[in-house]
Amino acid sequence: MIEEPVGGRAASEGNGGVLLEAEGLARHYASSGPWGAERKTAAVQDVSLRILRGETLALVGESGCGKSTTARLLMGLEPPTSGTVRYRGRDLGSMSRTELLEFRRRVQLVFQDPFGSLNPRMTVGGMLGEVLSVHALAAGEERGRRITELLGLVGLGPEAAERYPHEFSGGQRQRIGIARALAVEPDVIVADEPVSALDVSIQAQVLNLLADLQERLGLSYLFIAHDLAVVRQVADRVAVMYMGRIVEASDAATLYHEPLHPYTRSLLAAVPRPWPPSEKRRVPELREGADPPDRSTGCPYLGRCRHPARDEECSLALPLLEERSPGRWVRCIKT
Amino acid sequence: MLSRARRERGRETWRRFRRHRQAILGLALIVLLTGSALLAPAIAPYDPDAQTDIVATRYQAPSVSHPMGTDRFGRDIFSRTLYGARISLSIGFLAILIAITLGTAIGAIAGFFGGRLDTALMRGVDLLLSFPRLVLLVVLVALFEPSIALVTLVLGLTGWMGVSRIVRGQVLTVREMEFVTAARVLGFGRTRILARHILPNVLTPVIVAATLGIGNTILAEAALSFLGLGVQPPTASWGNMVASGRDAMLDAWWITTFPGLAIVFTVMAFNLVGDGLRDALDPRRVA
Ligand SMILES: Nc1ncnc2c1ncn2[C@@H]1O[C@H](COP(=O)(O)OP(=O)(O)OP(=O)(O)O)[C@@H](O)[C@H]1O
Ligand code: SF4
Ligand SMILES: [Mg+2]
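Notes on the structure follow.

The rules behind each value
- Sequence positions are assigned chain by chain, starting from 1 and proceeding in written order.
- For this description, chains carry letters from A and ligands carry numbers from 1, given in the order in which they are written.
- Under the rules for a predicted model, residues below a pLDDT of 70 receive no local features and side-chain atom pairs below 80 are neither given nor counted, while totals for whole chains, interfaces and linings still include all residues.
- Note that the side-chain values use all heavy atoms of the structure and ignore hydrogens as well as water.
- A helix here means a DSSP run of H or I that spans at least four residues, while a strand means a run of E at least two residues long, and both kinds are numbered starting from the N terminus.
- Exposure is judged per residue with a 1.4 Å probe applied to protein chains only, and the accessible area is read against the type maximum: over 50% gives exposed, under 20% gives buried, and values in between give partly exposed.
- In what follows, residue pairs with any heavy atoms lying within 4.5 Å of each other are defined as contacts.
- Only the protein chains shown count as cover for residues, and all accessible areas are computed by the Shrake-Rupley method using a 1.4 Å probe.
- The positive count covers Lys and Arg only, the negative count covers Asp and Glu only, and His and the chain ends enter neither.
- Where a charge sits is defined by one atom per residue type, namely NZ (Lys), CZ (Arg), CG (Asp) or CD (Glu).
- The definition of a nonpolar core used throughout is a set of buried Ala, Val, Leu, Ile, Met, Phe, Trp, Tyr and Cys residues joined through side-chain atoms within 4.5 Å.
- When the centres of two rings from Phe, Tyr and Trp lie within 6.5 Å, Trp using its six-membered ring, the rings pair. Their planes under 30 degrees apart give stacked, over 60 give edge-to-face, and anything left gives tilted.
- Only when the NZ of Lys or the CZ of Arg is both within 6 Å of the ring centre and within 35 degrees of the ring normal is a charge said to sit over the ring.
- Residues are classed as near a molecule or strand on a simple rule: at least one heavy atom within 4 Å of it.
- Throughout this description, a polar contact denotes any pair of N or O atoms lying within 3.5 Å of each other; where both atoms belong to protein, one of them has to be capable of donating a hydrogen while the other can accept it, and for residues adjacent in sequence the pair is counted only when both atoms sit in side chains.
- For this classification, Asp, Glu, Lys and Arg are treated as charged, while Ala, Val, Leu, Ile, Met, Phe, Trp, Tyr, Cys and Pro are nonpolar and the rest, including Gly, are polar.
- Accessible surface is computed with a 1.4 Å probe, and the buried area is the amount of it that two parts give up when combined, taken over both parts together.
- What makes a salt bridge here is a side-chain nitrogen of Lys or Arg within 4 Å of a carboxyl oxygen of Asp or Glu, nothing more.
- For patch building, the residue pool is restricted to those with more than 30% relative accessible area and no salt bridge; the joining distance is 9 Å between like charges and 5 Å between nonpolar side chains (Val, Leu, Ile, Met, Phe, Trp, Tyr).
- A cavity here means a set of 1 Å grid points, computed over protein atoms only, where a 1.4 Å probe fits but cannot escape. A pocket is an open set with protein on both sides within 12 Å along at least 5 of 7 lines, and lining residues have an atom within 4 Å of a point.
- Grid points are joined across faces, edges and corners, and a volume is the space filled by probe spheres set on the points.
- What the arc measures is the spread of directions leading from the helix axis to the C-beta atoms.

Observations concerning the overall build of chain B
So, step 1. Along its length, chain B carries 14 helices and zero strands.
So, step 2. Along the chain direction, N to C, the helices and strands of chain B fall in the order α-α-α-α-α-α-α-α-α-α-α-α-α-α.
So, step 3. Principal-axis analysis of the C-alpha atoms places the extent of chain B at approximately 80 × 45 × 30 Å.
So, step 4. Across the 287 residues of chain B, 46% fall into the buried class.
So, step 5. Taking all contacts inside chain B whose residues are at least 6 apart in sequence as the whole, residues at least 24 apart take part in 70%.
So, step 6. Summed over its atoms, the accessible surface of chain B is roughly 14400 Å², and 65% of this surface lies on carbon and sulfur atoms.
So, step 7. Averaging the positions of the 29 positive and the 18 negative side-chain charges in chain B gives two centres separated by 12 Å.

Below is the structure:
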């Protein structure tokens, strides 16, 4: 395990190095459909996950599956419809003001959009300085030094402090966003698709930077991505999400080597990788009417599932997320 | 000290502004008007209120000694127009300052806090906007003893609604932006987020609205003074000068024409500058 980041502090985790933890998280949105009819979207359902000290947990799934919603719930930016978020064992929902401020110092967010996430009217030095001043982390001359240090951490020179966001490229802006998150000396960083808006050539640089910072500062990451390729080089564990639910979770090596859930396999197939030959058999047609009209019962992946063993049984009940072997979870009755 | 980046941004805005010939013309006019208003005591050839030998000096047509003629009390129209500029412009500037301060505060609170407060505030704005401004002005002014301070205050109090709508709309957009989420995640308080992160990003349209609003305010002041409810004679304002000449409009056209032209040019100048600013401050618009 890596030592405390800059400006050490007393470690107070008595629960096996679990820093951030979600249990049974759900988030429903009420959206008004046509003619004012109210429709409920379940953006996130029954999501439980743990982020351990010093590790990278990747959360992967296609667009709209609820990744950002999960991130917002974990960050306490909106309340969950049900379930709890805990930081070092303390329930986010019942934190006092001071505890919440402490939480804000320990858990930070890095955004996808390198343009919208920086205040266009503030210089980079102004942004970093504000964080340092609000949290009383550095004042006077010390503040300038710390700003330079933070910029150095993300590979930017001290002259960046004087500039406005629009003077930087996308990759540089992403570095600025990371520096801002680091200013409070967090131990968990939730990175919501931090490289998907960047050019492929720049993506690797930012990923390397994140890996490097993790090593130097002992950070834990929740790394959100919409494909498994990006995550491959950074993740220790991977959770795959589909329609608001986690459908598979395991350590990264196992998941890439031997994916269990059909959805994970299709994601891996999108990454250049041969589909296991044994699975190439024709997918049996479902009997007419077997696809349940009510999506609330049955496997949500049924309609898209290419599993050879897929059958009517899949439409009877929502598969549970089961632990097949230690640390290997899957939500499919046929694997 | 201005940072290099800020200077550059300013320079870029100025470059775009300069491309608008009309805006430059407007700016030149404003500089000229404001300058002569400030220097009125030095430039004006006569005391604006002095009346000597009324019978001999009244109703004189423009000439070398009175470039804009004299009124029915023999007062020099040119001097009075200069002094009137002081009154009209300062009422215009001060009233718009009151209006944008109020409008920004109310619009920002409504947009930022939302909910019932927003609904209540915006209903209030709708209600106020449902009265013609002049009616509001006349009612408010009629309740009190007319004075310059009252006119300024009342113009400010009736001029903020448009600004508040603009600001509310902008705040609603900006508060959803990710840098605001970033500020929340960093544990910043609501007041700080509103003041330091949201407001600076909604000010561009406010500046434009303020510039465009000065013209209107000056016009409204002139209208009030014309009706005898604004600046009271003998203090010269363009509105009461036009009013004082209206009986003799055909015989002594100069009494109404020169202050009238002053009003027209001033309103036009501010509108031109406002249009130019709108384009220059918004990089997405192609001039
Ligand atoms: N504020 C909201 N109001 C209503 N519906 C919402 C809201 N936020 C998200 N949703 C819905 O919840 C679902 C999940 O959205 P979310 O943004 O979490 O997905 P995502 O996995 O982050 O997708 P992306 O890869 O596009 O960022 C979507 O169907 C979305 O339309
Ligand atoms: S439960 Fe059935 S439908 Fe669902 S993923 Fe497994 S095989 Fe496919
Ligand atoms: Mg997202």
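Okay, back to it.
Details of the nonpolar core
So, step 1. Among the nonpolar cores identified, the biggest contains 110 residues, and Ile178, Leu182, Leu213, Val231 and Val238 of chain A together with Ile198 of chain B are the most heavily contacted of them.
So, step 2. Per-element accounting of this core gives the leading share, 11 residues, to helix α14 (residues 253–281) of chain B.
So, step 3. With residues up to four places along the chain from it excluded, the contact list for Val231 of chain A reads Ala58, Val60, Phe223, Ala225, Val238 and Tyr256 of chain A.
So, step 4. If you look at the next biggest cluster of nonpolar residues, it comprises 34 residues, including Ile51, Met75, Val85 and Ile246 of chain A.

Side note on the packing of aromatic side chains
So, step 1. Enumeration over the complete set of coordinates arrives at nine aromatic pairs over all chains.
So, step 2. Relative to Trp254 of chain B, the ring of Trp253 of chain B lies with its centre 5.7 Å away and its plane at 85°, an arrangement referred to as edge-to-face.
So, step 3. Looking at Trp253 of chain B, the relative accessible area reads 42%, which means it is partly exposed.
So, step 4. With relative accessibility at 6%, the residue Trp254 of chain B sits in the buried group.
So, step 5. Pairwise contacts between aromatic rings join Tyr242, Tyr263 and Tyr301 of chain A into one cluster.
So, step 6. The ring of Phe226 of chain B has Arg246 of chain B sitting right over it, with the charged end atom 5.2 Å from the ring centre.

As for the site of ligand 1
Residues and elements named next belong to chain A.
So, step 1. Close to ligand 1 lie Tyr29, Ala43, Glu62, Ser63, Gly64, Cys65, Gly66, Lys67, Ser68, Thr69, Arg72 and Glu193, which account for all nearby residues.
So, step 2. Here an oxygen atom of ligand 1 and a backbone polar atom of Gly64 are 2.7 Å apart.
So, step 3. A distance of 3.0 Å is found between an oxygen atom of ligand 1 and a side-chain nitrogen or oxygen belonging to Glu193.
So, step 4. Notes on ligand 1: free accessible area 620 Å², of which the protein chains cover 62%.
So, step 5. The leading source of residues in the shell around ligand 1 is helix α1 (residues 67–74), at four residues.
So, step 6. Considering only residue class, the shell around ligand 1 consists of three nonpolar, five polar and four charged.

Overview of the interface of chain B and chain A
So, step 1. Facing the 20 residues of chain B at the interface are 28 residues of chain A.
So, step 2. In terms of surface lost to chain A, no three residues of chain B exceed Arg9, Val185 and Leu186 of chain B, which account for 28% of the buried area on that side.
So, step 3. Between chain B and chain A we count 11 residue pairs in polar contact (both at pLDDT 80 or more) in total.
So, step 4. At the level of secondary structure, the elements contributing two or more residues to the side of chain B that touches chain A comprise α1 (4–18), α10 (178–185) and α11 (190–198) of chain B.
So, step 5. Ranked by residue count, the leading element in the side of chain B that touches chain A is α10 of chain B, at six residues.
So, step 6. Tallied by class, residues from the side of chain B that touches chain A come to seven nonpolar, six polar and seven charged.

Things to note about the pattern of salt bridges
All names here are of chain A.
So, step 1. Under the counting rule described, the total for this entry stands at 30 salt bridges over all chains.
So, step 2. In this structure, Arg324 engages Glu322 in a salt bridge whose closest nitrogen and oxygen atoms are separated by 3.9 Å.
So, step 3. You can call Arg324 partly exposed: its relative accessible area is 32%.
So, step 4. What you see here is one network of salt bridges that share partners, running through Glu21, Glu23, Arg50 and Arg86.

A look at a nonpolar patch on the surface
So, step 1. A cluster of nonpolar side chains, Val135, Val139, Leu143 and Phe144 of chain B, forms an exposed patch at the surface whose accessible area comes to about 400 Å².
So, step 2. When you line up the elements, Val139 of chain B lands in helix α7 (residues 133–142).

Remarks on empty space enclosed by the protein
So, step 1. For the structure on display, the rule yields seven cavities of 30 Å³ or more.
So, step 2. Its boundaries defined by the atoms lining it, the largest cavity holds a volume of some 90 Å³.
So, step 3. Pro262, Cys299, Cys305, Cys314 and Cys332 of chain A are, among the 14 residues lining the largest cavity, the residues nearest its centre.
So, step 4. Classifying every residue of the lining of the largest cavity by side-chain character gives nine nonpolar, two polar and three charged.
So, step 5. When its volume is computed, the second largest cavity comes out at roughly 70 Å³.
So, step 6. Lining the second largest cavity, in full, are Asn119, Met127, Glu130, Val131 and Arg180 of chain A together with Phe179, Ala182, Ala183, Leu186, Phe188 and His197 of chain B.
So, step 7. The set of elements that each furnish at least two residues to the lining of the second largest cavity consists of α3 (124–134) of chain A together with α10 of chain B.
So, step 8. Partitioning the lining of the second largest cavity into residue classes produces seven nonpolar, two polar and two charged.

Examining unusual backbone geometry
So, step 1. A cis amide bond links Pro233 of chain B with the next residue in sequence, Pro234 of chain B, at an omega value of 10°.
So, step 2. Tracing the backbone shows Pro234 of chain B in the loop between α12 (203–226) and α13 (238–245).
So, step 3. Phi is positive for Arg88 of chain A, which is not a glycine, with a value near 45°.
So, step 4. Along the chain, Arg88 of chain A turns up in the loop between β4 (82–87) and β5 (90–91).
So, step 5. We classify Arg88 of chain A as buried; its relative accessible area is 12%.
So, step 6. Even without glycine at this site, Ala136 of chain A takes up a positive phi of about 50°.

Section: α7 of chain B
Residue and element names in this part refer to chain B.
So, step 1. Those residues of α7 that fall on the buried side of the exposure criterion are Leu136, Leu137 and Val141. Burial along α7 is one-sided: seen end-on, the buried residues are contained in an arc of 120°.
So, step 2. On the buried face of α7, the contacting elements are α6 (115–129), α8 (148–157) and α12.

A short note on the environment of Thr52 of chain B
Residue and element names in this part refer to chain B.
So, step 1. If you trace the backbone, Thr52 turns up in the loop between α3 (40–43) and α4 (54–57).
So, step 2. Taking the relative accessible area as the measure of exposure, Thr52 reaches 58% and is therefore exposed.
So, step 3. Sequence separation between Thr52 and Gly74 is 22 residues, and the spatial gap between their C-alpha atoms is 7.2 Å.

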